Amino acid sequence: MRVLIVKLSSLGDVVHSLPVVRDIHNAFDAVTIDWVVEPSFAPLLKRVDGIGESIELPLRRWRKAWWTGAVRAEFRQFRQRLQREPYDLVIDLQGLTKSALVARLARGRSVGLANRTEGSSHEAPARWLVDRAITVPSRVHALDRSRILTAAALGYAVEGAARFGLHAALSVASEPSDKPLMVLVHGTSRDDKLWPEANWIGLGRSLADAGWRVALPHAGAVEQARAQRIAVAIGPSCTVWPSLGLDQLVDQMAQARGVIGVDSGLSHVAVALDLPHVQIYNFPTAWRTGPQPAHGNAHQVSIEAPGGQATPTLEAVWKAWQAVHPALAR
């Protein structure tokens with residue numbers, strides 16, 4: 001059997017969809033699963049067990065020059081690859097017009113979302129572009145939504161905790177040290193999800209005092225500048241990672257003993273890597289995207305800002321980390 005998954009972006013959304021790969025393989029003895037995705041997220045899929053081929057669709061780049069002959073030629077190549085072989089089922093996990101059009105373009109019967117779920121994007125034309133639209137609960141975690149839709153499409157029951165199948169390259173060597181590594185994910189694409197720099201500095205100093213090395217990843221000039229300011233304030237126990245590709249970030253993060261981060265794609269990668277993790281939410285939306293006990297996240301927790309506060313306090317985040325990592329409890 002051949003199955004095609006369509007989930008183009010973003011990083012967090014792709015991560016939340018990964019457990020369907022293990023679910024499908026558990027349900028069927030022999031199955032090949034391909035995945036259509038934006039090129040920037042394809043390196044992640046190459047670190048996931050059970051995915052045959054990631055088919056790259058650079059829609060974001062094409063929008064900037066859609067009228068050019070070069071883009072038209074690239075689209076023809078993409079269409080040829082997409083239609084190279086038939087699929088028994090094509091599953092649109094995104095529920096947008098663009099993703100449903102991709103599913104319709106592939107060779108195979110297509111299924112997708114029939115309805116919008118709370119807090120998630122959905123476009124009405126998507127349900128009419130696929131051959132079968134499946135209704136899912138309107139209030140559901142992003143991870144469960146993908147698993148429920150895929151199970152209904154292929155006729156099996158969702159069973160057990162989610163398994164992401166994400167792994168790091170074993171060839172990456174870590175810097176020798178007798179101190180454990182903590183990664184602080186301070187960056188996000190939305191400013192209203194940021195945590196104050198002063199809190200990151202205070203957290204980093206507490207970690208350094210407790211014997212941790214601290215690393216700061218970044219994406220882009222703004223995040224790099226912030227990381228450098230935080231690192232200087234924390235001191236010699238803190239380093240700023242160089243600019244890394246997504247596959248390199250996965251490999252580097254996998255060496256950490258813990259991650260604390262805001263609601264962002266990289267924090268969701270930490271969950272997929274099964275790292276001890278505290279995920280910081282400025283809004284009461286952890287039920288929709290954060291790590292949950294029901295998903296088997298025993299050493300991963302979400303912490304939200306209490307009513308009347310813009311962000312969770314430094315003390316609350318530190319207490320949450322102490323609960324996640326008992327060795328730090330005092």
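Residues numbered from 1 in each chain as written. Predicted model: local features only at pLDDT ≥ 70, side-chain atom pairs only at ≥ 80, totals over all residues. Heavy atoms only, no water.

(A) View of the sheet that holds strand β2 (residues 32–37). Spatially, β3-β2-β1-β4-β5-β6 is the arrangement adopted by the six strands of the open sheet, whose pairing is parallel. Whereas interior strands pair on both sides, the edge strands pair on one side only; in this sheet they are β3 (54–56) and β6 (132–134). Shown here is a sheet whose adjacent strand axes are inclined to one another by a mean of 20°, direction ignored. Sheet topology note: the strand β1 (residues 2–6)/β2 ladder contains five bridges and is parallel. Considered in β2, the bridge of V3 is made with I33. Along the sheet face, helix α2 (residues 19–27) touches β1 and β2 and points at about 160° away from the line of β2. Sitting on the sheet, helix α6 (residues 97–105) touches β1, β2, β4 (89–92) and β5 (110–113), and the angle it makes with β4 is about 175°. (Pairing = 2+ DSSP bridges. Helix = DSSP H or I, 4+ residues; strand = E, 2+ residues; numbered from the N terminus. Axes fitted to C-alpha atoms, helices over the stretch in contact; angles between N-to-C directions. Contact = heavy atoms within 4.5 Å.)

(B) Structural view of the sheet that holds strand β12 (residues 300–304). Read from one edge of the open sheet, six strands run β9-β8-β7-β10-β11-β12, paired in parallel fashion. On the outer flanks of this sheet lie β9 (238–240) and β12, each paired with one strand and no other. Across the sheet, the mean angle from the axis of one strand to that of its neighbour is 20°, orientation sign disregarded. Here helix α9 (residues 197–209) sits on the sheet in contact with β7 (181–185), β8 (213–216), β10 (258–262) and β11 (277–281), set at roughly 175° to β7.

(C) Spotlight on α2. Along α2, the positions that sit buried rather than exposed are P19, V20, V21, D23 and I24. Tucked inside the fold, the buried residues of α2 contact β1, α1 (11–17), β2 and α8 (142–154). (Buried < 20%, exposed > 50% of the residue type's maximum accessible area, 1.4 Å probe, protein only.)

(D) Structural context of the packing of α2 against α8. The geometry of α2 relative to α8 is characterised by a closest axis approach of 9 Å and an angle of 30° between their N-to-C directions. With respect to each other, α2 and α8 are oriented roughly parallel. Relative to α8, the crossing made by α2 is right-handed. Contact residues: P19, V20, D23 and I24 in α2; L143, S146, R147, T150 and L154 in α8. Its residues assigned to classes, the contact of α2 with α8 shows five nonpolar, two polar and two charged. (Parallel < 35°, antiparallel > 145°, perpendicular 65-115°, else oblique. Left-handed = near helix turned anticlockwise from the far one by under 90°. Nonpolar A, V, L, I, M, F, W, Y, C, P; charged D, E, K, R; others polar.)

(E) Seen up close, the packing of aromatic side chains. Under the definition given, this model contains seven aromatic pairs. Centre to centre, the rings of W62 and F75 are 6.1 Å apart; their planes meet at 75°, and the pair counts as edge-to-face. In this pair, W62 is assigned in helix α4 (residues 59–62) and F75 in helix α5 (residues 69–82), connecting sequence segments 13 residues apart. The exposure class assigned to F75 is partly exposed, which follows from its relative accessible area of 31%. A network of ring pairs unites the aromatic residues W62, F75 and F78 as a single cluster. The positively charged end of R127 is found above the aromatic ring belonging to W128, 4.8 Å away from the centroid. Directly above the aromatic system of W287 lies the positively charged group of R139, at a separation of 3.8 Å from the ring centroid. (Phe/Tyr/Trp six-rings, centres within 6.5 Å; stacked < 30°, edge-to-face > 60°. Lys NZ or Arg CZ within 6 Å of the ring centre and 35° of its normal.)

(F) The pattern of salt bridges, seen in detail. Taken as a whole and assessed by the stated rule, the structure comprises 14 salt bridges. Ionic pairing is found between E85 and R2, a salt bridge with its closest N-O pair at 3.6 Å. Of this pair, E85 sits in the loop between α5 and β4 while R2 sits in strand β1; the two residues are 83 residues apart in sequence, bridging distant segments of the chain. Where R229 meets E197, a salt bridge forms, and the shortest distance between an N and an O atom there is 2.5 Å. With R229 in helix α10 (residues 221–234) and E197 in helix α9, this pair connects stretches of sequence that are 32 residues apart. Residue class for R229 comes out partly exposed when judged on its relative accessible area of 44%. (Salt bridge = Lys/Arg side-chain N within 4 Å of Asp/Glu carboxyl O.)

(G) Main features of the side chain of H122. Mapped onto the fold, H122 is located in the loop between β5 and α7 (125–129). Within the structure, the side chain of H122 is placed 3.3 Å from the backbone oxygen of L113, a separation counted as a polar contact. Apart from residues lying up to four places away in sequence, H122 is in contact with G95, L96, L113, A114, N115 and R116. (Polar contact = N/O pair within 3.5 Å; in protein donor to acceptor, adjacent residues only side chain to side chain.)

(H) Representation of the environment of E123 in the model. Here E123 lies in the loop between β5 and α7. The class for E123 is partly exposed, based on a relative accessible area of 35%. Between the C-alpha atoms of E123 and Q94, which are 29 residues apart in sequence, the distance is 9.5 Å. Once you skip the residues sitting within four places of it in the chain, E123 turns out to touch G95, L96 and T97.

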